[in-house]
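A structural walkthrough
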Amino acid sequence: MKEAKFEFQYKVYDSIDELPEEQQMLLNKAKEATDKAYAPYSKFKVGAIAKLANGETISGTNQENASFPVGLCAERVLLSSLSSLYPNVGIDTIAISYKSENQVSDHPVSPCGICRQSLQEFESRVNHPIQLVLGGLTGPVYVIKSAGCLLPLAFTSEELT
Ligand code: THU
């Protein structure tokens, strides 16, 4: 028997003002995008902005439904439209922000488990790491080199070949 462990490093900035300029711009766009979310049930609006390897930017927001499980997270809305518009184009960075009506949005939130699975598969399908920039409306910002870091021991397409 041996013990195994996973570790990953990420950057923690005290505020958006400390980020490199492009990441600041993307996170600001993600904040703005929260206004386009449809989240009447949770009142938790999420905005995600991707900067693609081809230079384009594309956004996604969460889209809820009265039948709750029908709702989609911002990250998967983004990945679906991106994959339809530009199949096989890599994503350099996704910035994710949120605005909650029930609490102050003063810390980063991370993608949920289903979105981690989707992000991981997108990365490996186009063979391009996705850097994540996570921040609330205020407060610290996390920068994670590759979305796959958030899903150790992932179940992948390799099991199905
Ligand atoms: N949500 C996202 O859009 N992304 C996440 O990574 C976590 C949660 C949405 C789903 C739902 O509309 C609302 O936030 C509350 O869970």
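First things first, this report covers the structure right here in the doc. What you see is a predicted model; the values in this text were computed from it and never measured. (Residues numbered from 1 in each chain as written. Predicted model: local features only at pLDDT ≥ 70, side-chain atom pairs only at ≥ 80, totals over all residues. Heavy atoms only, no water.)

Quick look at the pairing of strand S2 (residues 44–52)
For clarity, the cut-off: With a 1.4 Å probe rolled over the protein chains alone, any residue whose accessible area is under 20% of its type maximum counts as buried; one over 50% counts as exposed, and the rest are partly exposed. Helix and strand assignments follow DSSP, with helices taken as H or I runs no shorter than four residues and strands as E runs no shorter than two, numbered in order from the N terminus. A strand pair is defined by DSSP finding two or more bridges across the two strands.
Of all the nine residues making up S2, seven are buried; the element is thus mostly covered by neighbouring parts of the structure. Relative to strand S4 (residues 91–100), S2 runs antiparallel, the two sharing nine bridges. Its bridge partner lying in S4, Val46 is registered against Tyr98. Alignment of S2 against strand S3 (residues 57–61), held across five bridges, turns out to be antiparallel. By the bridge assignment, Ala48 is partnered in S3 with Gly60. Where S2 folds back on S3, the antiparallel hairpin that results is connected by four residues, among which Gly55 adopts a positive phi of roughly 95 degrees.

Details of the site of the ligand
Definition in use: We define proximity as follows: a residue is near a molecule or strand when any one of its heavy atoms falls within 4 Å of that partner. As used in this structure description, the phrase polar contact means that two N or O atoms lie within 3.5 Å; if the pair is within protein, one of them must be able to donate a hydrogen and the other to accept it, and residues adjacent in sequence are counted only when both atoms belong to side chains. The Shrake-Rupley method, run with a 1.4 Å probe sphere, supplies the accessible areas, and residue values consider only the shown protein chains as cover. Basically, the charged four are Asp, Glu, Lys and Arg, the nonpolar ten are Ala, Val, Leu, Ile, Met, Phe, Trp, Tyr, Cys and Pro, and anything else, Gly included, counts as polar.
In the vicinity of the ligand, the contacting residues are Ser42, Phe44, Val46, Asn62, Glu64, Cys73, Ala74, Glu75, Ser110, Pro111 and Cys112. A distance of 2.5 Å is found between an oxygen atom of the ligand and a side-chain nitrogen or oxygen belonging to Glu64. Between Cys112 and the ligand, the recorded distance is 3.1 Å, taken from a backbone N or O atom to an oxygen atom. Within the complex, 75% of the 380 Å² of free accessible area of the ligand lies under protein. Broken down by secondary-structure element, the contributors of at least two residues to the shell around the ligand are S2 and helix H2 (74–85). When its residues are assigned to classes, the shell around the ligand shows six nonpolar, three polar and two charged.

Points about the packing of H2 against helix H3 (residues 113–126)
This is how the line gets drawn: Fitting a line to C-alpha atoms yields each axis, with helices limited to the stretch in contact; the angle taken between N-to-C directions then spans 0 to 180 degrees. Orientation labels follow simple angle bins: below 35 degrees gives roughly parallel, above 145 gives roughly antiparallel, 65 to 115 gives roughly perpendicular, and whatever is left gives oblique. Take the far helix as the reference: if the near one is turned anticlockwise from it by less than a right angle, the crossing is left-handed, and if turned clockwise, right-handed. Contacts are residue-level and defined by heavy atoms, with any inter-residue pair within 4.5 Å sufficient.
Packing of H2 against H3 brings their axes to within 9 Å, and their N-to-C directions diverge by 30 degrees. Viewed along their axes, H2 and H3 adopt a mutual orientation that is roughly parallel. The handedness of the crossing between H2 and H3 is left-handed. Residue-level inspection shows Glu75, Arg76, Leu79, Leu82 and Ser83 of H2 in contact with H3, the latter providing Ile114, Cys115, Ser118, Leu119, Phe122 and Arg125. For the contact of H2 with H3, the per-class residue count stands at six nonpolar, two polar and three charged.

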